[in-house]
Amino acid sequence: PPSFQLLSAFLNEKGPVIELDLDRNPQIPAEVDVLFWVQPSIATPEHARQLQRFLESGRSAVLAGSAYQIGYGLEGDVVNYQVRRTPPAWGQLLQPFGIRPVPDLLVDKNTGPVSLDLGDGNLREVVAPFHIRVLSAFYNMKGFSMPARGGLNFVAASPLEVNPQRAKAKGFQVEIVGTTTESPRVQPLPQGLFTDADLAAGLAVPKQNLLVLLKPDDPWQGQLFVLASAAPFKDGIINQPGYAHRVFLQNLTRTYGEPERLVRARVEKQAPQRLTPPGTLARFFWRFF
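Report follows, based on the coordinates. (Residues numbered from 1 in each chain as written. Predicted model: local features only at pLDDT ≥ 70, side-chain atom pairs only at ≥ 80, totals over all residues. Heavy atoms only, no water.)

**With respect to helix α6 (residues 259–266)**
Where we set the bar: The buried label applies to any residue whose accessible area, calculated with a 1.4 Å probe on protein chains only, is under 20% of its type's maximum; exposed applies above 50%, and partly exposed to all values in between. Helix numbering and strand numbering both begin at the N terminus, where a helix is a DSSP run of H or I of at least 4 residues and a strand a DSSP run of E of at least 2. Read the arc as the range of directions from the helix axis to the C-beta atoms. What makes two residues a contact is simply this: any of their non-hydrogen atoms within 4.5 Å.
Listing the buried residues of α6 in full gives R261, L262 and A265. Each buried residue of α6 lies within a common arc of 95° when the element is viewed along its axis, so the set occupies one face. Exposed residues lying more than 90 degrees from the buried face of α6 are P259, E260 and V263. Lining the buried residues of α6 we find β2 (60–64) and α5 (245–256).

Below, the structure written as structure tokens:
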């Protein structure tokens, strides 16, 4: 989306960046080594199939999104919020892999500021209960090139519910990489304007998944890394002081750009041809025959 241009700029420091319009064309070019897919707006069964084929080729994908977004306003000195639901594509894309983004408003005790322009022309730091600050103690980058360093800001996160059996059927093992603290709360997405005072209540729940990694059973296949919010990659947040978003991104590019991983991905693998369903006339002919 347009508000993620800095992500492309930072990735361009590591190698050439190809910007794809997957809404119009689900095909992922063969020369792509790592796919960063942020907040998809269209997801058909063909999109899921192309993503599966991309992973089977040995390449890895990083997906980030949420079931909702938050709009900000200012009434006097009080900051108010409004929920905007995103298209169902985010859930539709993850569903075949055994992951479901829960469409609840998630809050936690660990929060952090986000610099926002609320219409007065000046940036203002806003600390909201849904600005979840994920400290390095709550995400473990074991198996990546670098350990977890610094905090990440997950704004308007949709907790990731995992079905290990479904993931296993796709050939993946599930690894929970990052969670909230032990004290998160959820409530239904509010209708209309609301403020911090409206978020004081909520249902107490166990730790909620924010970072999920699908590791393939076949070492020749790629990994699928899912974030419960696109905020760590968003302009104005990815480069915000006090957070480790740049280090986190560098960790991903180092991990999925390792020469050994790229060589395995570029080895040509023989795969069975995809069967296409016959047309109406062909079905009639073969049934008659």
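Picking up where we left off.
**With respect to the layout of surface pockets**
In plain terms, the rule: Throughout, the protein atoms alone are placed on a 1 Å grid, and a set of points is a cavity if a 1.4 Å probe fits but cannot get out or a pocket if it is open with protein on both sides within 12 Å along at least five of seven lines; lining residues have an atom within 4 Å of a point. Grid points are joined across faces, edges and corners, and a volume is the space filled by probe spheres set on the points.
Estimated volume of the largest pocket: approximately 1100 Å³. Looking at the largest pocket, it is lined by 37 residues, and the ones nearest its centre are L11, V17, I18, L35 and F36. A per-element tally of the lining of the largest pocket places strand β1 (residues 34–38) first, with five residues.

**Re a nonpolar patch on the surface**
We count it as follows: Note that patches include only residues with greater than 30% relative accessible area and no salt bridge, and the join distances are 9 Å for like charges and 5 Å for nonpolar side chains (Val, Leu, Ile, Met, Phe, Trp, Tyr). Only the protein chains shown count as cover for residues, and all accessible areas are computed by the Shrake-Rupley method using a 1.4 Å probe. Each salt bridge in this description consists of a side-chain nitrogen of Lys or Arg and a carboxyl oxygen of Asp or Glu lying within 4 Å of one another.
The grouping of W220, V263 and V267 at the surface amounts to a nonpolar patch, some 270 Å² of accessible area in total. Structurally, W220 can be placed in the loop between β14 (209–216) and β15 (224–227). By relative accessible area, which is 41% here, W220 ends up partly exposed.

**Points about empty space enclosed by the protein**
One way to see where empty space is left: roll a probe the size of a water molecule over the atoms. Operational definition: Three categories are distinguished: nonpolar for Ala, Val, Leu, Ile, Met, Phe, Trp, Tyr, Cys and Pro, charged for Asp, Glu, Lys and Arg, and polar for the others, with Gly belonging to the last.
Summed over the entire model, instances satisfying the criterion amount to two cavities of 30 Å³ or more. Reported here for the largest cavity is a volume of approximately 50 Å³. Classifying every residue of the lining of the largest cavity gives eight nonpolar, one polar and one charged. Approximately 30 Å³ is the volume attributed to the second largest cavity. Around the second largest cavity sit D33, V34, G58, R59, S60, Y256, R261, L262 and A265, which together line it. A per-class count over the lining of the second largest cavity returns four nonpolar, two polar and three charged.

**What to know about the nonpolar core**
Threshold: In this text, buried Ala, Val, Leu, Ile, Met, Phe, Trp, Tyr and Cys residues form a nonpolar core when linked through side-chain atoms within 4.5 Å.
If you look at the biggest cluster of nonpolar residues, it comprises 58 residues, and the most contacted ones within it are F225, F233 and L252. By residue number, the principal contributor to this core is β14, which donates five residues. Other than its neighbours up to four places away in sequence, F233 contacts F4, L7, F36, V38, V62, A64, L227, I238, F248, L249 and L252. Within the second largest apolar cluster, 21 residues are counted, among which are Y68, I70, V79 and L189.

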